[in-house]
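Architecture at a glance
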Amino acid sequence: MPVPRSLTTAPHRDFELEVVAGEWPADISGEVLYSSPQALGNLPYRIFDWGAICRLSLEPGTRGASPGRFAWQSVSIETPGKRLFNRHPEQFSSGPIGYVSPFGPPNCSNTAPLPWGDRLYTTWDAGRPVELHPGTLEFVSEVGHVDSWGGSSMPMGGILPFLFSSAHPVADPERHCLWTVKLAPVMEPTFGMQPSLVRWDRADGTQVKVHPLEGVSFSGSIHTVSQTRDWVILCDSGNFKADAAEMMGGERTTTIDDEVPVWLVRKDAVEGLPSGTPVRPVCFTMSPPNGHYYARWDDTDGVSVVWEGMDLMDLALYMRPDDLDVNGNPVDPGAVGLYNMAMAPETIVEVVFDPNSGKVLEKGLFRTDWTFNLQLSAMDWSLEGMTNPTLHHVSYQGCRPGNISARAAKMYEGRIDLDQVREETPGALCSFERGSMELKGRWEYTDTADHITSPAFAPRDVGALAAASSYAGREPGGHDGYVVQAVCNDDGFRVELFDAARVSAGPVAVLKGTGKESIPVILHSAWSPANHELVDAERLRFSREVTDESLASVPEELRAAVRAVAEETDALL
Ligand SMILES: [Fe+2]
């Protein structure tokens with residue numbers, strides 16, 4: 001069977017879960033946040049739709065749950081763009097990067113939660129990070145005035161800027177800043193996108209700093225930003241490429257690359273530089289293309305990075321109602337609007353870059369016939385855990401021929417091995433040793449009706465050590481704590497909790513909705529301590545971007561809505 005139909009049919013709602021197997025441990029705390037696109041506008045490709053934030057509390061009886069039960073909450077992210085959509089849905093139509101409107105392209109912020117200390121953000125690739133209230137989960141503000149970003153990535157009209165950025169900015173625990181990117185078209189050295197490194201210091205309130213990467217032009221996207229103590233690591237994800245014909249309403253013919261460029265920027269090189277000053281990166285190449293990569297914080301012995309490969313995973317392809325799958329069957333209606341799934345087993349690899357010599361050393365690699373749909377991973381994000389990472393946990397969803405279109409198979413003729421994608425294979429939660437990428441644990445989901453997704457690592461005994469960071473458990477690194485594994489199924493959503501050191505032993509406890517609720521598709525997750533209050537800080541007001549000049553590009557009859565949204569969002573601060 002293809003992926004659960006409930007991924008596209010289940011509503012966003014609050015409900016309660018209860019323990020249905022095993023015993024819930026007492027040394028787990030905090031909550032897991034999930035980003036999710038809602039299905040509100042009939043976009044053909046669902047991953048561009050309006051964002052929601054979902055929250056699973058790991059402590060029973062909190063966040064409004066009954067005693068002994070666990071709260072699942074879902075809140076729509078009401079950015080200024082979403083508020084304009086609420087007032088004028090008829091003005092929003094489908095474009096190649098989601099919605100377009102006379103107001104400009106809205107920020108749908110639907111891809112990843114980003115807890116940062118006691119603050120909470122959400123992100124996506126086509127807009128600025130968005131701050132949420134950590135207690136109520138309501139929208140608070142967007143990060144950085146558009147002028148400090150250097151204006152829109154490209155002119156699209158309206159009052160809402162188009163900022164082509166990254167869904168995974170990274171928070172710097174030493175410099176107390178956020179590192180992300182902005183992409184904008186250039187003609188030199190070739191026609192393409194030039195990335196800029198974007199730095200937002202929390203102390204700078206509404207201003208970000210932008211540093212173009214000198215001499216760089218490419219034709220992809222930068223989905224992830226990673227870092228060590230001294231370096232920021234950027235990479236062309238390689239698996240989401242714009243197609244000019246498709247943008248004009250025609251058929252997509254562009255395919256993903258076999259290798260991608262990587263750029264390292266030394267943090268000291270931009271320290272104190274005025275915004276706008278270019279910086280020259282150190283360049284490398286990686287293969288296969290990837291979505292996500294994570295560097296070890298300590299770079300004394302080189303820049304060590306685990307790369308979660310996306311071998312033959314083209315994220316620009318999605319399932320259409322008229323598609324046949326790779327076996328020639330009509331596509332299940334539940335799969336329509338979801339992405340075209342992996343067409344080859346995927347590679348996970350750890351490499352060390354030496355920025356001085358330009359050499360790349362491969363430390364460990366894992367790829368075998370069942371490593372299909374390396375979806376997302378779980379790791380210890382505490383500073384202590386990033387400094388000495390031990391285990392890296394990965395959810396493989398298994399091969400899903402019902403979610404591979406015949407159209408995609410034809411586009412990848414010669415690169416795809418059709419015999420490898422004819423049959424479904426089970427999903428598996430796996431633990432790899434950092435560095436060697438040796439498989440240390442594997443738990444298989446033999447029922448292919450189970451769709452595992454968005455794992456998160458919850459440290460054990462957070463707060464037990466007085467000198468540790470607020471995100472650190474007793475033994476940081478990724479082995480001492482729990483992997484919280486979301487399992488989507490049409491018979492009800494489950495949360496399976498694994499001892500991170502013994503994933504092969506199976507879940508130690510299982511939660512299920514008291515009404516067997518299913519959940520819609522979720523994307524990234526993140527663990528966070530439970531924060532309740534919005535800290536005082538200078539934040540961007542949407543009204544500061546509503547000027548006579550910017551308003552002039554909005555049709556007159558729609559300007560009242562813009563003013564109303566400015567007033568409404570000002571009242572939030
Ligand atoms: Fe991502």
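Predicted model, so just to flag it, every value in this text is computed and none were measured. (Residues numbered from 1 in each chain as written. Predicted model: local features only at pLDDT ≥ 70, side-chain atom pairs only at ≥ 80, totals over all residues. Heavy atoms only, no water.)

Turning to the overall build of the chain, a few remarks are in order. Scanning the chain from N- to C-terminus turns up 8 helices and 31 strands. A compact globule built from 573 residues would reach a C-alpha radius of gyration of about 25 Å, and the chain, at 22 Å, matches this within 12%. With the C-alpha coordinates aligned to their principal axes, the bounding extent of the chain is approximately 60 × 55 × 50 Å. When each of the 573 residues of the chain is scored for burial, the buried share is 62%. A separation threshold of at least 6 residues defines the contact pool for the chain, and within that pool the share at least 24 residues apart is 67%. (Helix = DSSP H or I, 4+ residues; strand = E, 2+ residues; numbered from the N terminus. Rg over C-alpha atoms; globule rule 2.2 N^0.38 Å. Buried < 20%, exposed > 50% of the residue type's maximum accessible area, 1.4 Å probe, protein only. Contact = heavy atoms within 4.5 Å.)

The next point concerns the coordination of the iron ion. For the iron ion, the full set of protein donor atoms is H168 (NE2), H223 (NE2), H292 (NE2) and H524 (NE2), and the range of their distances to it is 2.0 to 2.1 Å. Here the iron ion is ringed by 4 donor atoms whose angles at the metal span 87 to 166 degrees, and the overall shape comes out irregular. Read in sequence order, the donor residues for the iron ion give the motif H-x54-H-x68-H-x231-H. Residue H223 is found in the loop between β14 (209-212) and β15 (225-227), and its partner H292 is found in strand β19 (residues 290-295); the two are separated by 69 residues along the sequence. (Donors = N, O, S within 2.8 Å, 3.2 Å for Na, K, Ca; no water. Tetrahedral: all angles 85-135°; square planar, octahedral: opposite > 155°, others 65-115°.)

Turning our eyes to something else, we now look at the pattern of salt bridges. Should their charged atoms come close, side chains of opposite charge can pair. Applying the stated rule across the entire model yields 42 salt bridges. Put simply, E142 and R128 hold a salt bridge, and the shortest N to O gap is 3.4 Å. Here the residue E142 occupies a position in strand β10 (residues 139-142), and R128 occupies one in the loop between β8 (119-123) and β9 (130-132), the gap between them amounting to 14 residues. Comparing E142 with R128, the two get one shared label, buried. Between E271 and R199 there is a salt bridge; the shortest N-O distance is 3.3 Å. On the criterion of sequence distance, the pair formed by E271 in the loop between α4 (267-270) and β18 (282-286) and R199 in strand β13 (residues 192-201) is long-range, its members being 72 residues apart. Residue classification places R199 among the buried positions, given a relative accessible area of 8%. Here the salt bridges do not stand alone but share partners, grouping D27, R460, D480, D499 and R502 into one network. (Salt bridge = Lys/Arg side-chain N within 4 Å of Asp/Glu carboxyl O.)

Below, the discussion takes up helix α2 (residues 80-87). The element α2 is extensively covered by neighbouring structure, given that 6 of its 8 residues are classed as buried. Looking at α2, one finds that the buried residues are P80, G81, K82, R83, L84 and F85. Buried positions along α2 lie against β4 (70-76), β10 and α8 (559-570).

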